[in-house]
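Notes for the structure review
Below are the chains, spelled out letter by letter.
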Amino acid sequence: MGETVRFGVSLDADLLDSFDALIKKMGYDNRSEAIRALIREKLVEEEWQSPTAETFAVLFLVYDHHAMSVDRRLTDAQHEHLTNTVSTLHVHIDRENCLEVVVLKGPGQEIRSFGQSLLGMRGVKYGRLNMGTSGRRLA
Ligand code: NI
């Protein structure tokens with residue numbers, strides 16, 4: 001981690017008021033914390049565009065395990081993508097519904113595409129892919 005540097009930012013007063021209201025709602029203690037978080041978020045987005053950077057993602061899936069053998073197809077796909085599939089947590093919600101949380105790693109475009117293929121499987125009721133980072137490029 002480098003030294004801490006102070007810098008000034010000029011912006012419209014109304015825009016600053018809106019920013020302050022937003023960061024208060026989001027729970028940040030001060031503008032510096034909020035700006036650091038926004039910068040990191042943008043750097044992670046950029047990392048996801050790199051064809052070589054190893055990124056992480058968490059995939060959340062809900063499905064009916066009776067439906068169209070979706071449980072087997074989800075498992076088969078993860079076995080076929082061993083290098084991208086780090087770990088899977090399975091929760092039996094009730095008699096029908098299952099929740100699966102899959103941790104993915106690899107180049108952003110590769111794991112986005114794999115994650116979307118799991119989300120798009122017939123029988124998946126709901127899901128979301130949350131992109132993340134190894135944190136190596138962030139101070
Ligand atoms: Ni289950």
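Use the structure listed above.
Now for a description of the structure that goes with this document. (Residues numbered from 1 in each chain as written. Predicted model: local features only at pLDDT ≥ 70, side-chain atom pairs only at ≥ 80, totals over all residues. Heavy atoms only, no water.)

**Examining the overall build of the protein**
Inclusion rule: In DSSP terms, a helix is any run of H or I states spanning at least four residues, a strand is any run of E spanning at least two, and both are numbered starting from the N terminus. Taken over C-alpha atoms, the radius of gyration is set against a globule rule of 2.2 Å times the number of residues to the power 0.38. Type-normalised accessible area, obtained with a 1.4 Å probe on protein chains alone, sets the label of each residue: buried when under 20%, exposed when over 50%, and partly exposed for intermediate values. Residue contacts are defined here by distance: any two heavy atoms, one from each residue, within 4.5 Å place the two residues in contact.
In terms of helices and strands, the protein carries four helices and four strands. The C-alpha atoms of the protein give a radius of gyration of 20 Å, which is well past the 14 Å a tight globule of 139 residues would have. Its C-alpha atoms give the protein principal-axis dimensions of roughly 55 × 35 × 20 Å. Taking all 139 residues of the protein together, 28% fall into the buried category. Of the contacts formed within the protein by residues at least 6 apart in sequence, a portion of 66% connects residues at least 24 apart.

**Looking at the sheet that holds strand 2 (residues 85-92)**
Strands belonging to one sheet form pairs held by backbone hydrogen bonds; the direction of such a pair is parallel or antiparallel. Just so we agree on the cut-off: Whether two strands pair depends on DSSP finding at least two bridges between them. Axis definition: a line fit to C-alpha positions, over the contact stretch in the case of helices; interaxial angles, taken between N-to-C directions, run 0 to 180 degrees.
Pairing within the open sheet is antiparallel, and its four strands lie in the order 2-3-1-4. The open sheet has two free edges, formed respectively by strand 2 and strand 4 (124-131), since each of these has just one partner strand. When the angles between neighbouring strand axes are averaged without regard to direction, this sheet yields 15°. Bridge analysis of strand 2 against strand 3 (residues 97-107) gives seven bridges, and the strand direction is antiparallel. By the bridge assignment, His 92 is partnered in strand 3 with Cys 98. Relative to the sheet, helix 2 (residues 31-49) contacts strand 1 (54-64) and strand 4, its axis offset from that of strand 1 by approximately 90°.

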